[in-house]
Amino acid sequence: MMHQHDKGRLLRPDVWLQRLVSTPLISLGVIGLLIIIASIGIKDLQFRGDYNIFFDKGNEQLLSFERIQAEFAKTDNLAILVAPDNGNVFTPKILTLIQDLTEAAWQTPYSSRVDSLTNYQHTQANADDIVVHDLVERGIPFTAKTIENIRQVALNAPETRNAIVSQNGDIAVVNITVQLPEKNKTAEIAEVYQFVTQTISQLKANYPDVQFYRAGLVAMNYALMQSAQQDITHLVPGMFLVILAVLVILLRSALSVFATLICIIAAVTSTVGLAGWLGLSINVATVNIPTLILTLSVADCVHIIATMRHQMQLGQGKSAAIVHSMKMDVMPVIITSVTTAVGFFMMNMSDSPVLRTFGNLAAIGVLIACLFSLTLLPVLLQLLPIKIGSRTTSQSTLFIDKIADVVVKYKLMLLIASSMAIVGGAFLIPSNTINDDSVKYFNKGNDFRQVADFMQEHISGMGTISVVVNSGQDQGIVDPEFLNTVDDFTAWLRQQPEVDHVASLTDILKRLNKNMHGDDANYYRLPTNRELSAQYLLMYEMSLPYGLDLNNQINVAKSAIKVQVTTENLGSQQFIDLEKRINLWFEQHNPNNKIHNIAQSSPSLMFAHIGAKNMRSMLISLPISLIMISGLLVLALRSFKLGLYSIIPNMAPALIGFGLWALISGEINLALSVVASLTLGIVVDDCVHFLTKYQLARKQGQSAEDAVRFAFHNVGRALWITSVVLIAGFYVLTLSTFRLNSDMGILSTLIIFLALVIDFVFLPSCLMFFDKKPTTNTVHVVKPIQK
């Protein structure tokens, strides 16, 4: 029998529950009003789809990138790949197409520059002058000799090869540089992308034997937008249907399912509404908050409904069963919700604002879901005519009881086996590597990813690094020693295995020097004195048409040169390694200190650094989360020993999960770096419910073995139901076209499944092996009578 003191302790916090149940209509009205007020904020929600959402305004790499963008022309671009089916761009038809597309591209909203094979500014000697003209001039006769000359220039000029034409001549690129006002960057990106798409559609009708592809930063931003929109239109409804199906199958009560659905819808709309009130944005990460809240909200409701139905099967009236369920589950539900929220709140230690927003919204949603499960749910259960027609123990409960018997019988063997699995998982973790590739943020079925892979195979990758080499003085770029150092650096870059293309001013100066010496190939070298370099640059710049100036390579004061490096689609470690090698090169090759300083940045480099920084932050936050959650469990269970026992079962799923991930993939990206903190709070759910029931049985005087049976019998079915729902919910994330979300879904699903196994195998075995407290007046588990 329960002691009077324990009974009183359970009753005191739940007086308000009696009032909720006794006045359900009033309670429903008040709760409904609060839901409406919170949900109104949905109208203020903003949507963002640009890559800047991943970075703080004070991010070191972002600040460096913005300084480079301010000093030189911006590099936001949309590249159109022209791929004729016959594999040859050097035909009259395709060259005419590229001319037409180049001219049409200038009409793109916010365009500031268009570079292509046809408008490449070719230079030739004409006596003592330099003639600058389009490589493919409008109206020229396309004779075999003319086309061959065009081919020779395009495939041999370092400025064009693997930049605007592939080295095999099978792909041409029309590159549109845009200067976005950034008043509403998401809308501006969509405007640019859709205009280009419409332009391509019009040309496609006349060129059915040519394939067109869109790449570049604008295309990547648009792909982020598309992924977010696709997730919210497909995954959220899909998640809702999955949860509905799982609940109908497992609860076998239409009215119980209805009450649960009302609660989770209320939790989702309130959370999203509060996001609007707080001025937060919906983006490619936070778009999955509704899916997450749907999943986590169900877990709370299922525990309460399962206990209520269990009591009704024992013959208790519905109202009394609801109150009893709330008394039994209020503390575990609050503990699990708070610990889950703590896990999400710890994402504030992330270096990426998009992940911090994700964590905060998820934490708020979890707490709102907890509130509704303890207020709205009992009111709905009271109002709905729910009946339990049978007192027969369900087959699932009988199956759970058999699992309990097996665990008790083979406790030592299971403890050893599960301990070995935990140690093995921990041993494999170092095999993972931190690696972020922004192109691989999209799965292989995504249009942008397919274009990026196609571009990598045929012309170049989409990785970039802008290297600014500063002379430290106005007009310093024409100093021969400075230019020679930049030229040596350019040559060194081209020898690096991961580099596909290098755009450097020194190539232009060498070409101009050759032109000024009668196109003699022996003079394809840098001018030997400062005055010649300055004169060549001035002459060349004055000959360039509008929009094709050198502002993308030299600054206004002519004190710095920007060398633009295009690389393969690299992972973060490879990018950072290349960055370090570049810095080291300048440390070793700076004669007479002609190089004042260098700066490197690009979106690719920004993503490379954010992943590594984020992992370091999460490694710091993880032990803090574990200590906080364990402390909460000690306070809630009022048992230091049980709180201590909970540490390993709470950590073990992540240890084994990340160990298995080393075998599945081996790469930890930006999203996976937060999975340990994210899932830590979630997996506590099963552990807390099991421990509370175990503790209750032990306080009643049962042995550790009987307490384990009691816990399995009373909470086992609810645990596997909630785990199935959580697994189903996170599995839906795996269907996202955005790989950060799908990878997070895969690993989280794996960890949640492992958490159920650990709590069914390791935790009870551990309790029975270490909890040697003697029993007093053993009370056997009372099970429902079977008919």
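Residues numbered from 1 in each chain as written. Predicted model: local features only at pLDDT ≥ 70, side-chain atom pairs only at ≥ 80, totals over all residues. Heavy atoms only, no water.

**Q** Teacher, can you tell me more about the overall build of the protein here?
**A** Per the secondary structure count, the protein includes 26 helices and 14 strands. Dimensions of the protein, computed from C-alpha atoms along their principal axes, come out at roughly 110 × 50 × 45 Å. Relative to its full complement of 787 residues, the protein shows a buried share of 59%. Taking all contacts inside the protein whose residues are at least 6 apart in sequence as the whole, residues at least 24 apart take part in 81%. As displayed, the protein has an accessible area near 31,700 Å², and 59% of this comes from carbon and sulfur atoms. For the protein, the centre of its 57 positive side-chain charges and the centre of its 60 negative side-chain charges are spaced 17 Å apart. (Helix = DSSP H or I, 4+ residues; strand = E, 2+ residues; numbered from the N terminus. Buried < 20%, exposed > 50% of the residue type's maximum accessible area, 1.4 Å probe, protein only. Contact = heavy atoms within 4.5 Å. Areas by Shrake-Rupley, 256 points an atom, 1.4 Å probe, with all protein chains shown as cover. Lys, Arg positive; Asp, Glu negative; His and termini not counted. Charge placed at Lys NZ, Arg CZ, Asp CG, Glu CD.)

**Q** I would appreciate a short explanation of the packing of aromatic side chains in the present structure.
**A** A ring pair, where both rings are aromatic, is described by two values, the distance of the centres and the angle of the planes. By the definition in use, this model includes 18 aromatic pairs. For the pair Phe344 and Phe358, a centre-to-centre distance of 6.5 Å together with 70° between the ring planes defines the contact as edge-to-face. With Phe344 in helix H11 (residues 318–345) and Phe358 in helix H12 (residues 353–374), this residue pair connects regions lying 14 residues apart in the sequence. The pair Phe344 / Phe358 is uniform in exposure class, with both members buried. Three or more aromatic residues link up through ring pairs in this structure, and these residues are Phe54, Phe55, Tyr441, Phe442, Phe448, Phe607 and Phe738. (Phe/Tyr/Trp six-rings, centres within 6.5 Å; stacked < 30°, edge-to-face > 60°.)

**Q** Sorry if this is basic, but what is going on with the nonpolar core here?
**A** Most often, soluble globular proteins have nonpolar side chains that are buried together. In terms of nonpolar packing, the biggest core is built from 183 residues, with Tyr51, Phe54, Phe90, Leu117, Phe212 and Phe344 touching the most fellow members. Among the elements that line this core, the one with the most residues is helix H8 (residues 217–251), at 17 residues. Residue contacts for Phe90: discarding those within four places in its chain leaves Leu95, Leu117, Ile147, Ile150, Arg151, Ala154, Leu155, Val165 and Gly169. Core analysis: the next-biggest nonpolar cluster, separate from the first, contains 39 residues, Phe482, Leu509, Ile554 and Ile561 among them. (Core = buried A, V, L, I, M, F, W, Y, C linked by side-chain atoms within 4.5 Å.)

**Q** Would you explain the sheet that holds strand S6 (residues 172–178) in this entry?
**A** Whenever strands of a sheet pair, they do so through backbone hydrogen bonds, lying parallel or antiparallel. Spatial strand order, S3-S6-S2-S7: four strands in an open sheet with antiparallel pairing. Looking along the sheet, the strands with just one partner apiece sit at the ends: strand S3 (111–115) and strand S7 (210–215). Ignoring which end each strand starts from, the neighbouring axes of this sheet average 15° apart. Bridge count between strand S2 (residues 77–84) and S7: six bridges; the pairing is antiparallel. The partner of Ile80 across the bridge, within S7, is Arg214. Set on the sheet, H8 makes contact with S2, S6 and S7; between it and S2 the angle comes to about 100°. Relative to S7, helix H16 (residues 447–458) is tilted by about 110°, and along the sheet it contacts S2 and S7. (Pairing = 2+ DSSP bridges. Axes fitted to C-alpha atoms, helices over the stretch in contact; angles between N-to-C directions.)

**Q** Any chance you could explain the sheet that holds strand S12 (residues 560–567) here in plain terms?
**A** Spatially, four strands are ordered S11-S12-S10-S13 in an open sheet, and the strand pairing comes out antiparallel. One side of each edge strand has no neighbouring strand; the edge strands of this open sheet are strand S11 (499–503) and strand S13 (597–601). Pairwise comparison of adjacent strand axes, ignoring direction, gives a mean angle of 20° for this sheet. Both S11 and S12 contribute to a ladder of four bridges, which runs antiparallel.

**Q** Is there a simple way to think about helix H10 (residues 289–313) in this case?
**A** Within an α-helix, residues lying three or four positions from one another point in the same direction, as the helix has 3.6 residues per turn. Compared with the 36 Å implied by 1.5 Å per residue over 25 residues, the 36 Å span of H10 between its first and last C-alpha is a close match. Across the 25 residues that make up H10, a large majority, 25, are buried. (Expected span 1.5 Å × (residues − 1).)

**Q** When you look at the pairing of S6 in this model, what are you seeing that I'm missing?
**A** Consecutive side chains of a regular strand alternate in pointing toward one face of the sheet and then the other. Counted residue by residue, S6 has seven buried out of seven residues, so it is predominantly covered. Looking at chain direction, S2 and S6 are connected through six bridges and run antiparallel. By the bridge assignment for S6, Ile80 is matched with Val174.

**Q** How do you make sense of the confidence of the model for the protein when you look at a structure like this?
**A** For the protein, per-residue confidence averages 85 on the pLDDT scale, and 94% of positions sit at 70 or higher. Here residues 1–13 is a poorly scored stretch, pLDDT under 50, and it has eight contacts once near neighbours within four places are set aside; other chains count. Confidence over residues 778–787 falls short of pLDDT 50; this stretch has 26 contacts with residues more than four positions distant or in other chains. (pLDDT = per-residue confidence, 0-100.)

**Q** I would appreciate a short explanation of the UniProt feature "domain: SSD" (unreviewed entry) in the protein in the present structure.
**A** Taking the UniProt record as the reference, the feature "domain: SSD" (unreviewed entry) is found at residues 258–383 and 642–769. Its end C-alpha atoms 12 Å apart, residues 258–383 is made of 82% helix and 2% strand. (UniProt positions renumbered as here; feature names shortened; annotations may be inferred.)

**Q** What's the story with a nonpolar patch on the surface in this structure? I'm lost.
**A** Side chains of Ile26, Val30, Leu33, Leu34 and Ile37 sit close together on the surface and give an oily, nonpolar patch of about 500 Å² of accessible area. Among the secondary structure elements, Leu34 is positioned in helix H3 (residues 24–39). (Patch = residues over 30% accessible without salt bridge, like charges linked within 9 Å, V, L, I, M, F, W, Y side chains within 5 Å. Salt bridge = Lys/Arg side-chain N within 4 Å of Asp/Glu carboxyl O.)

**Q** What am I meant to see in the side chain of Gln61 here?
**A** If you trace the backbone, Gln61 turns up in helix H4 (residues 60–71). Contacts of Gln61, omitting those with residues within four sequence positions, involve Ser601, Leu605, Met606, His609 and Lys613.

**Q** Quick question: what am I supposed to make of the pairing of S12 here?
**A** The buried fraction of S12 is high, at eight of eight residues. The two faces of S12 match: Ala560, Lys562, Gln564 and Thr566 on one face and Ile561, Val563, Val565 and Thr567 on the other face are all buried. Pairing geometry for strand S10 (residues 463–470) and S12, over eight bridges, is antiparallel. Within the sheet, the bridge partner assigned to Gly463 lies in S12 and is Thr567.

**Q** I would appreciate a short explanation of the pattern of salt bridges in the present structure.
**A** Side-chain pairs of opposite charge can arise whenever the charged atoms involved come near each other. Evaluation of the coordinates by the stated rule reveals 19 salt bridges. A salt bridge links Glu159 to Arg511; its shortest N-O distance comes to 2.9 Å. Taken together, the residues span a long stretch of sequence, with Glu159 in the loop between helix H6 (144–156) and S6 and Arg511 in helix H18 (residues 505–515) at a distance of 352 residues. The same class applies to Glu159 and to Arg511, which are both buried. When the shortest N-O distance is used, the salt bridge between Arg739 and Asp743 registers 3.0 Å. Here Arg739 pairs with Asp743, and both are found in helix H25 (residues 739–760), just four residues apart, close to one helical turn. For Arg739, a relative accessible area of 19% corresponds to the buried category. Among the residues examined, Asp743 registers a relative accessible area of 5% and is labelled buried. Within this structure, Asp100, Glu103 and Arg138 form a network of salt bridges that share partners.

**Q** Sorry if this is basic, but what is going on with the environment of Phe448 here?
**A** Turning to its location among the elements, Phe448 is positioned in helix H16. On the accessibility criterion, Phe448 (5% relative accessible area) is buried. Expressed as a C-alpha distance, the spacing of Phe448 and Phe690, which sit 242 residues apart in the sequence, is 46 Å. Not counting residues up to four positions away in its chain, the partners in contact with Phe448 are Gly216, Ala219, Met220, Ala223, Phe442 and Met462.

**Q** What is the right way to read empty space enclosed by the protein from this model?
**A** Over the atoms a probe the size of a water molecule is rolled, and this reveals where empty space is left. Considering all chains together, one arrives at four cavities of 30 Å³ or more under this definition. Within this model, the largest cavity holds a volume of roughly 90 Å³. Lining of the largest cavity is provided by Leu296, Ser297, Ala299, Asp300, Thr336, Ser337, Thr340, Val366, Ala369, Ile682, Asp685 and Leu726. If you list the elements that add at least two residues to the lining of the largest cavity, you get H10, H11, H12 and helix H23 (675–699). When residues of the lining of the largest cavity are assigned to their parent elements, the largest contribution, four residues, is made by H10. Taken together, the residues of the lining of the largest cavity break down into six nonpolar, four polar and two charged. Taken together, the elements giving at least two residues each to the lining of the second largest cavity come down to H12 and H25. (1 Å grid on protein atoms, 1.4 Å probe; cavity = no way out; pocket = protein on both sides within 12 Å on 5 of 7 lines; lining within 4 Å. Points joined across faces, edges and corners; volume = space filled by probe spheres on them. Nonpolar A, V, L, I, M, F, W, Y, C, P; charged D, E, K, R; others polar.)

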